[in-house]
Amino acid sequence: MAALVPVTRVVSGMRPTGRLHLGHYHGVLKNWVRLQHEYECLFFVADWHALTTHYEGPAVVARSVREMVIDWLAAGIDAHSATLFVQSDIPQHAELHLLLSMMTPLAWLERVPTYKDQQERLREKDLDTYGFLGYPLLQTADILAYRAAFVPVGEDQIPHIEFSREIARRFNYLYGREKDFVERAEEALRKMGRKPAKAYQDLRVAYLERGDSEALDTARALVERQPNVTLGDKERLLGYLEGNGRLILPEPQPLLTNESRMPGLDGQKMSKSYGNTISLRETPDEVTKKVRTMPTDPSRVRRADPGEPGRCPVWPFHVIYSSTETRAWVEEGCRSARIGCLECKQPVIDAINAELAPIRVRAEELEQDPSRVRTILAEGARRARDIAEETLVDVRRAMNLIWD
Ligand code: TRP
Ligand code: SF4
């Protein structure tokens, strides 16, 4: 039966603006590692997106690209399971961005909440640029070029996915119309064969008349697995389900990563901009030093003062890394002042180092072998380009750019 399940494609990108840290590992990478076995995954380095904020100093972007891919692979992303590539290796993203820009209302971009937020937050940078305004549209092109079903992202990116859905809808509305759409959809239906066609009709009615969204999903899966239907007919059948024109660019769904808010060394969220990170390539000595110098409950001025884990930035690390017994030992020992803070931190240091040990080894191997990463990215780019080009052929045709 496995062959009948349509491929469900997942696309996600990361901006190469520096070293990856434990926050990326727990928040994103572990999730990607899991997804790569469940879906057809494309993961890419969003170097053009990085340039929207780092256009004045692009060197850090260039430097971070291969390091980022090394970190991904070291963290367990498997280049045989997932397709890995660099955004700027796929000109189709840029072409789709340009074509979509023709029909993107300026007001839609201006009201994306991250636009004003980021301009405020990154005041030291001049983000009054065309490129920065277009950030969500470039992201839309990244996603729609692969007709992705799901996009794993954190909460902050939800408005961008919503934006890409609106753009897909508008595109289909503008360019998916055909004079004889209904006739052609019915014709495609006949080609499916009697039984699947009947099932399709029933599901379509269930959706259009009763709003049964499960029926819609079932019907979509039915269309996807038809062996004898051309791509154009597939688009018609998918569009016809919802009563519109052809569905040239399907709307993606966000796949919300259950955001484990990795705490930073100072109690705030771990983030490069707070300078409170532990990078994935930190040496054991650096990890030890960073954790040993972490602030603790301010009321524990002297060793003999009792403390409260709930007020201590070290405690969230125990929540992530320690067993129930160790946590009980911390709570009891801290409140009674029976343990010192350095003693309390040691299990955290050991756990982080144990977690990073295999990552460090793999990263070192990859650093020794630059051709390996190069080959992985070249192969990934080839695969990605083929998929994206297929979409662009359709897009160009829909926009009348293929004129003979
Ligand atoms: N904007 C995303 C972020 O900052 C990165 C990104 C670029 C992305 N293109 C994408 C994520 C496409 C998902 C899909 O995290
Ligand atoms: Fe924090 Fe542990 Fe010190 Fe208590 S004993 S203040 S939990 S580091």
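Scroll up to find the structure this text is about.
Residues numbered from 1 in each chain as written. Chains lettered and ligands numbered in written order. Predicted model: local features only at pLDDT ≥ 70, side-chain atom pairs only at ≥ 80, totals over all residues. Heavy atoms only, no water.

Draft legend 1. The site of ligand 1, seen in detail. In the vicinity of ligand 1, the contacting residues are Ser12, Gly13, Arg15, Phe44, Ala46, His49, Tyr135, Gln139, Asp142, Ile143, Val151 and Gln157. Between ligand 1 and aspartate 142 there is a distance of 2.7 Å, counted from a nitrogen atom to a side-chain nitrogen or oxygen. Bound to the protein, ligand 1 loses 88% of the 360 Å² it would expose on its own. Broken down by secondary-structure element, the contributors of at least two residues to the shell around ligand 1 are β1 (9–14) and α8 (135–144). Per element, the largest residue contribution to the shell around ligand 1 is 4 residues, and it comes from α8. (Near = heavy atom within 4 Å. Polar contact = N/O pair within 3.5 Å; in protein donor to acceptor, adjacent residues only side chain to side chain. Areas by Shrake-Rupley, 256 points an atom, 1.4 Å probe, with all protein chains shown as cover. Helix = DSSP H or I, 4+ residues; strand = E, 2+ residues; numbered from the N terminus.)

Draft legend 2. Region of interest: the packing of helix α12 (residues 213–224) against helix α13 (residues 231–241). Between α12 and α13, the least distance of the axes is 10 Å, while the angle of their chain directions is 170°. On the basis of their axis angle, the class for α12 and α13 is roughly antiparallel. Between α12 and α13, the residues in contact are Leu216, Ala219, Arg220, Val223 and Glu224 and Lys234, Leu237, Leu238 and Leu241, respectively. Here the residues of the contact of α12 with α13 sort into 6 nonpolar, no polar and 3 charged. (Axes fitted to C-alpha atoms, helices over the stretch in contact; angles between N-to-C directions. Parallel < 35°, antiparallel > 145°, perpendicular 65-115°, else oblique. Contact = heavy atoms within 4.5 Å. Nonpolar A, V, L, I, M, F, W, Y, C, P; charged D, E, K, R; others polar.)

Draft legend 3. Spotlight on the pattern of salt bridges. In total, this model carries 31 salt bridges according to the counting rule given. Among the salt bridges present, the one from arginine 281 reaches aspartate 71, with a minimum N-O distance of 2.6 Å. Within this pair, whereas arginine 281 is found in the loop between β5 (253–256) and α14 (284–292), its partner aspartate 71 is found in helix α3 (residues 59–74), the two being separated by 210 residues in sequence. One salt bridge connects aspartate 394 with arginine 147, and the closest N-O pair in it is separated by 3.6 Å. Residue aspartate 394 is located in helix α18 (residues 370–398), and its partner arginine 147 is located in the loop between α8 and β4 (150–153); the two are separated by 247 residues in the primary sequence. The burial state of aspartate 394 is the same as that of arginine 147; both residues are buried. In this structure, a network of salt bridges that share partners links the residues Arg147, Glu178, Arg184, Lys191, Asp233, Glu235, Arg236, Arg246, Asp394 and Arg397. (Salt bridge = Lys/Arg side-chain N within 4 Å of Asp/Glu carboxyl O. Buried < 20%, exposed > 50% of the residue type's maximum accessible area, 1.4 Å probe, protein only.)

Draft legend 4. How the structure looks around helix α4 (residues 91–101). Inspection of α4 places Gln92, His93, Leu96, Leu99 and Leu100 among the buried residues, and these make up the whole buried set. Buried residues of α4, viewed axially, fall in a sector of 130°; they line one side. (Arc of directions from axis to C-beta.)

Draft legend 5. Seen up close, the pairing of strand β3 (residues 82–86). The buried fraction of β3 is high, at 5 of 5 residues. The alternating pattern of β3 places Ala82, Leu84 and Val86 on one face and Thr83 and Phe85 on the opposite face, and all of these are buried.

Draft legend 6. Region of interest: the environment of glutamate 178. Considering the arrangement of structural elements, one finds glutamate 178 in the loop between α9 (158–175) and α10 (181–191). Taking the C-alpha atoms as reference points, glutamate 178 and arginine 246, separated by 68 residues in sequence, lie 8.0 Å from one another. If sequence neighbours within four positions are ignored, glutamate 178 has contacts with Arg184, Arg236 and Arg246. Engagement of the side chain of glutamate 178 in a polar contact is seen with the side chain of arginine 236, the distance being 2.9 Å.

Draft legend 7. Fine view of unusual backbone geometry. Phi angles above zero are rare outside glycine, and alanine 337 is one such case at about 60°. Following the sequence through the fold, alanine 337 ends up in the loop between α16 (324–335) and α17 (341–368). Take alanine 337: its relative accessible area is 13%, and that puts it in the buried class. Notably, asparagine 400 is not glycine yet its phi reads approximately 60°, a positive angle.

Draft legend 8. Structural view of the site of ligand 2. In the region of ligand 2, the neighbouring residues are Thr296, Asp297, Arg300, Cys312, Val314, Val330, Cys334, Cys341 and Cys344. Going through the elements one at a time, α16 and α17 are the ones with two or more residues in the shell around ligand 2. Tallied by class, residues from the shell around ligand 2 come to 6 nonpolar, 1 polar and 2 charged.

In short, shape yes, function no, at least from these values alone.
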